[in-house]
Amino acid sequence: MSLVRYEPWGLLNQLHGEIDRLFDNRLPTYGDDRDQLATSDWVPAVDIREEDSRYVIHADVPGVKPEDIEVQMEDGVLSVTGHRESEAAQQREDYRRVERVRGSFFRRFALPDTADAEAISAKCKDGVLEIVIPKQVKVQPKRIKVAV
């Protein structure tokens, strides 16, 4: 005899999650037809924090190797793509339940005008991708001397 956890709202929660995932995969386009062809098998969860001198994005990408992640900046849009390897089909036959999604992911973020696109850095440690986007140095107003 095995114990089974009773979850009265389990099926409803599963349906809700599937609908959320369906709408999360609808990616915005930015004027280029090739952008509409982008698809993803899963969407990593992200936290975006604004500090005084920078923006910081943390993305959960467990099981993704740093060399399988690509971060690009183009026309004020930061794109993060990557791939988590899938296991061979014969290895999956023994599984009773498979919830971890494998395959490609894709996220885009429109950056504010204050972002310094030339100084963006990224690193991946312990399954968390950290992207640091420094803010541009604010130009101080220049005082113009009026001649007599």
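Residues numbered from 1 in each chain as written. Predicted model: local features only at pLDDT ≥ 70, side-chain atom pairs only at ≥ 80, totals over all residues. Heavy atoms only, no water.

## Focus: the overall build of the protein chain
The cut-off we apply is this: Helical segments are the DSSP runs of H or I of at least four residues, strand segments are the runs of E of at least two, and each set is numbered from the N terminus. Three labels apply to residues, based on accessible area from a 1.4 Å probe with only protein chains included: buried if under 20% of the type maximum, exposed if over 50%, partly exposed otherwise in between. Should any heavy atoms of two residues lie within 4.5 Å, those residues are counted as being in contact.
Along the backbone of the protein chain there are two helices and seven strands. Element order for the protein chain, N to C, with α for helix and β for strand: α-β-β-β-β-α-β-β-β. Relative to its full complement of 148 residues, the protein chain shows a buried share of 22%. Within the protein chain, residue pairs in contact and separated by at least 24 positions form 53% of the contacts whose partners lie at least 6 positions apart.

## Topic: the pairing of strand S6 (residues 121–125)
Let me state the cut-off plainly: Note: two strands are recorded as paired if DSSP finds a minimum of 2 bridges between them.
Across five bridges, the pairing between S6 and strand S7 (residues 128–134) is antiparallel. Considered in S7, the bridge of lysine 125 is made with valine 128. Count of turn residues in the S6/S7 antiparallel hairpin: two residues, of which aspartate 126 carries a positive phi of about 55 degrees.

## A word on the packing of aromatic side chains
Filter applied, for reference: Each pair of aromatic rings taken from Phe, Tyr and Trp, with Trp reduced to its six-membered ring, is defined by centres within 6.5 Å and is described as stacked if the planes are under 30 degrees apart, edge-to-face if over 60, and tilted in the remaining cases. By definition here, charges over rings are those cases where NZ of Lys or CZ of Arg is within 6 Å of the ring centre and within 35 degrees of the ring normal.
Evaluated as defined, the whole model comprises one aromatic pair. A cation sits over an aromatic face here: lysine 135 above tyrosine 55, 5.0 Å from the ring centre.

## Some remarks on the sheet that holds strand S2 (residues 54–60)
Here is the rule we go by: A fitted line through C-alpha atoms serves as each axis, taken over the contacting stretch for helices, and the angle formed by two N-to-C directions is quoted from 0 to 180°.
One open sheet accounts for four strands, arranged S1-S2-S7-S6; its pairing is antiparallel. Each edge of the sheet is formed by a strand with only one pairing partner; in this case those strands are strand S1 (46–50) and S6. For this sheet the average axis-to-axis angle between neighbouring strands, irrespective of direction, equals 15 degrees.

## Brief notes about the confidence of the model for the protein chain
Selection rule: Confidence of the prediction at every residue is given by pLDDT, a number between 0 and 100.
The share of residues in the protein chain with pLDDT of 70 or more is 78%, and the mean pLDDT across the chain is 80. Confidence over residues 26–37 falls short of pLDDT 50; this stretch has 12 contacts with residues more than four positions distant or in other chains.

## A word on the sheet that holds strand S3 (residues 69–74)
Strand order in this open sheet of three strands is S3-S4-S5, and the pairing throughout is antiparallel. What marks the edges here is a single partner per strand, and that holds for S3 and strand S5 (103–110). Here the average twist between neighbouring strands, direction ignored, is 15 degrees. Both S3 and strand S4 (residues 77–84) contribute to a ladder of six bridges, which runs antiparallel. Across the sheet, glutamate 70 pairs through a bridge with threonine 81, a residue of S4.

## Points about the environment of aspartate 52
The residue aspartate 52 is located in the loop between S1 and S2 in this model. Between the C-alpha atom of aspartate 52 and that of proline 134, which follows or precedes it by 82 residues, the distance is 9.4 Å.

## Side note on the environment of isoleucine 133
Tracing the sequence through the fold places isoleucine 133 in strand S7. Take isoleucine 133: its relative accessible area is 1%, and that puts it in the buried class. Along the primary structure isoleucine 133 and serine 121 are separated by 12 residues, whereas in three dimensions their C-alpha atoms are 6.8 Å apart. Excluding anything up to four places from it in sequence, isoleucine 133 contacts Arg54, Tyr55, Ile57, Leu78, Leu111, Ala115 and Ile120.

## What to know about the pairing of S7
Where burial is concerned, most of S7 is hidden: five out of the seven residues are buried. The pairing of S2 with S7 spans seven bridges and is classified as antiparallel. Paired with histidine 58 across the two strands is glutamate 130, which belongs to S7.

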